[in-house]
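Spelled out, the chains give:
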Amino acid sequence: MPAVTVENLLVLPRVTEPGPVGERPVVKVTTAPSGYEGEGFPVRRAFAGVDLKELDPFVHMDQMGEVEYAPGEPKGTPWHPHRGFETVTYIIDGVFRHQDSNGGGGLITNGDTQWMTAGGGILHIEEPPEDLVLSGGVFHGFQLWVNLPARLKMTQPRYQDIRAGQVALLTSADGGALLRVIAGEIDGHPGPGVTHTPIALVHATVSPGAQVRIPWRGDFNALGYVLSGSGSVGADRRPVRTGQLAVFGAGESITFAADTKMDGPSPSLDILLLGGEPIREPVAAYGPFVMNTRAELVQAFEDYQAGRLGSIPAAAIVPEAPHPGHDVL
């Protein structure tokens, strides 16, 4: 799992370990079912079985891969619309190419993130580059959907290209974990992602046998999704493994640890930590749109069909007609 790595964790800033008071309990652990997205690439539906109130401000997350493609097998998504939220695509291993109707786009690879604010409406496509299709190779990443409050549903689209070298790198108090802060902040160390909705997004790699306790904003929710490996979460050391999501309760710190011996091929525990300030508004989500009411969803489909969500650029990656896409809810 390449992403961003460093040879010596001890040279990185260390996160202050919080005291035992205020530790968040683990409310539940769920296991993500597998499915297929777009043109047929494998995903795990990370939030399946979790109520939207517990996820708020997040709506949906897919772990894409980890898969070893043979030549000719890599797949992506065709052109499709979005409205009312932001998509965050983080590539851990492999290469993906993005293009949208607002002029954003480019290649993202090991440790890169693309942050697309769909806002009032956008069309985009995500595809493996032609050379990867020809050669095959490993592909692994995730896409997260971050909701927007009603006052920002129709905001102007925006695109952020966050390179791997921009991510804030930290280590735990004992030097046993690498923490990559993509957005928000941990212990006063901010990540590069600019967010409409206040959130924190951290990819942690924990060495076998190491335990990590980090501060977490009390007004945020807290989730931990295991990308690979095995370990435990919470003070009561509840077991977790690849493809499982831990939902934490209220508090001001979270604890997670890696098993001494991994369950599976991964040499360490890789866990995605995410949390945000709940929006606490009604959510009406269907396909590629996340709105507040059914009427707004109907309007989004009508606007899309009428061509009001943007148009495919003349020099499009794949000159296909767009379609709603995304089997989300």
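It should be emphasised that the depicted structure is a prediction, and the values quoted were computed from it without experimental measurement.

Trainee: Kindly report on the sheet that holds strand β20 (residues 230–233), identifying the contributing residues and their values.
Mentor: Taken together, the 4 strands give an open sheet; going across it, the order is β18-β23-β20-β21, and neighbouring strands pair in antiparallel fashion. Each having just a single partner strand, β18 (211–215) and β21 (238–241) make up the two edges of the open sheet. Each strand axis lies, on average, 30 degrees off the axis of its neighbour in the sheet, ignoring direction. In this structure, β20 lies alongside strand β23 (residues 253–258), joined through 3 bridges in antiparallel fashion. Across the sheet, residue Ser-232 finds its bridge partner in β23, namely Ala-257.

Trainee: Give me the nonpolar core: which residues, what numbers.
Mentor: Formed by 34 residues in total, the largest nonpolar core has its most connected members in Phe-47, Met-61, Leu-144, Leu-201 and Leu-274. Residue assignment for this core shows that the elements contributing at least two residues are β4 (58–69), β6 (85–93), β11 (137–147), β14 (177–183), β17 (199–206), β19 (222–228), β22 (244–248) and β24 (269–276). Once you skip the residues sitting within four places of it in the chain, Leu-201 turns out to touch Val-88, Trp-115, Phe-142, Leu-144, Arg-180, Val-181, Ile-182, Ala-183, Leu-272, Leu-273 and Leu-274. By size, the runner-up hydrophobic cluster in this structure holds 30 residues, among which are Val-26, Leu-170, Phe-248 and Phe-256.

Trainee: Go over the pairing of strand β13 (residues 168–171), please, and point to the residues and values.
Mentor: Judged by which residues are buried, β13 turns out to be covered on both faces: Ala-168 and Leu-170 on one side and Leu-169 and Thr-171 on the other are all buried. Strand direction decides the pairing type here: β13 and β14, joined by 4 bridges, are antiparallel. Its bridge partner lying in β14, Thr-171 is registered against Leu-178. Connecting β13 to the antiparallel partner β14 that follows it, the hairpin turn spans 5 residues, and Gly-175 within it adopts a positive phi of roughly 75 degrees.

Trainee: Give me the confidence of the model for the protein: which residues, what numbers.
Mentor: Across the protein, the average pLDDT comes to 89, with 91% of residues at 70 or higher. Across the protein, the secondary-structure element scoring lowest on mean pLDDT is helix α2 (residues 130–135), at 68, and the one scoring highest is β22, at 98. Below pLDDT 50 for its whole length, residues 319–324 participates in 21 contacts with residues either more than four positions away or in separate chains.

Trainee: So what about unusual backbone geometry? Which residues, and what values?
Mentor: Residue Pro-57 is reached from Asp-56 by a cis peptide bond, and omega for that bond is 20 degrees. Within the secondary structure, Pro-57 sits in the loop between α1 (52–55) and β4. Positive phi, close to 55 degrees, is recorded for Asp-187, a residue that is not glycine. Mapping Asp-187 onto the fold places it in the loop between β15 (185–186) and β16 (189–190). Backbone geometry at Arg-280 places phi at a positive 55 degrees, although glycine is not the residue there.

Trainee: Could you give an account of the sheet that holds strand β8 (residues 105–108), naming the residues involved and the relevant values?
Mentor: The antiparallel open sheet is built from 4 strands, whose spatial order is β5-β10-β7-β8. Sheet topology places β5 (77–82) and β8 at the edges, where each strand pairs with a single neighbour. On average, each strand axis in the sheet is tilted by 20 degrees relative to the strand beside it, whichever way the strands run. Two strands pair when backbone bridges link them, and strand β7 (residues 96–100) and β8 are joined in this way by 4 bridges, in the antiparallel orientation.

Trainee: Any chance you could break down the pattern of salt bridges for me, citing the residues and the numbers?
Mentor: Under the criterion given, the structure shown has 10 salt bridges. Between Lys-28 and Glu-54 there is a salt bridge whose closest N-O contact spans 3.0 Å. In this pair, Lys-28 is assigned in strand β1 (residues 26–31) and Glu-54 in helix α1, connecting sequence segments 26 residues apart. A residue is classified by how much of its surface remains accessible, and Lys-28, at 24% relative accessible area, is partly exposed. Since its relative accessible area comes to 23%, Glu-54 is described here as partly exposed.

Trainee: Lay out the pairing of β6 in plain terms, naming residues and giving numbers.
Mentor: Where burial is concerned, most of β6 is hidden: 9 out of the 9 residues are buried. Bridge count between β6 and β11: 8 bridges; the pairing is antiparallel. Looking at β11, one finds that Tyr-90 is bridged to Phe-142.

Parameters at a glance
- Here the residue numbering is sequential within each chain, running from 1 through the sequence in written order.
- Given that the model is predicted, a residue must reach a pLDDT of at least 70 before its local features are reported, and side-chain atom pairs must reach 80 or more before they are shown or counted; all residues, however, enter totals for whole chains, interfaces and linings.
- With hydrogens and water stripped out, all remaining heavy atoms of the structure feed into the side-chain values.
- A strand pair is defined by DSSP finding two or more bridges across the two strands.
- Runs of E in the DSSP output that reach at least two residues are strands. Runs of H or I that reach at least four are helices, and both are numbered from the N terminus.
- To obtain an axis, a line is fitted to C-alpha atoms, over the contacting stretch when the element is a helix, and the angle between two such axes runs from 0 to 180 degrees between their N-to-C directions.
- Buried Ala, Val, Leu, Ile, Met, Phe, Trp, Tyr and Cys residues form a nonpolar core when they are joined through side-chain atoms within 4.5 Å.
- Each residue is assigned to one of three classes by its accessible area relative to the maximum for its type, calculated with a 1.4 Å probe on protein chains only: buried under 20%, partly exposed between the two thresholds, exposed over 50%.
- In what follows, a contact means two residues having at least one pair of non-hydrogen atoms within 4.5 Å.
- Per-residue confidence from the predictor is given as pLDDT, running between 0 and 100.
- Salt bridge, as applied in this entry: a Lys or Arg side-chain nitrogen positioned within 4 Å of an Asp or Glu carboxyl oxygen.

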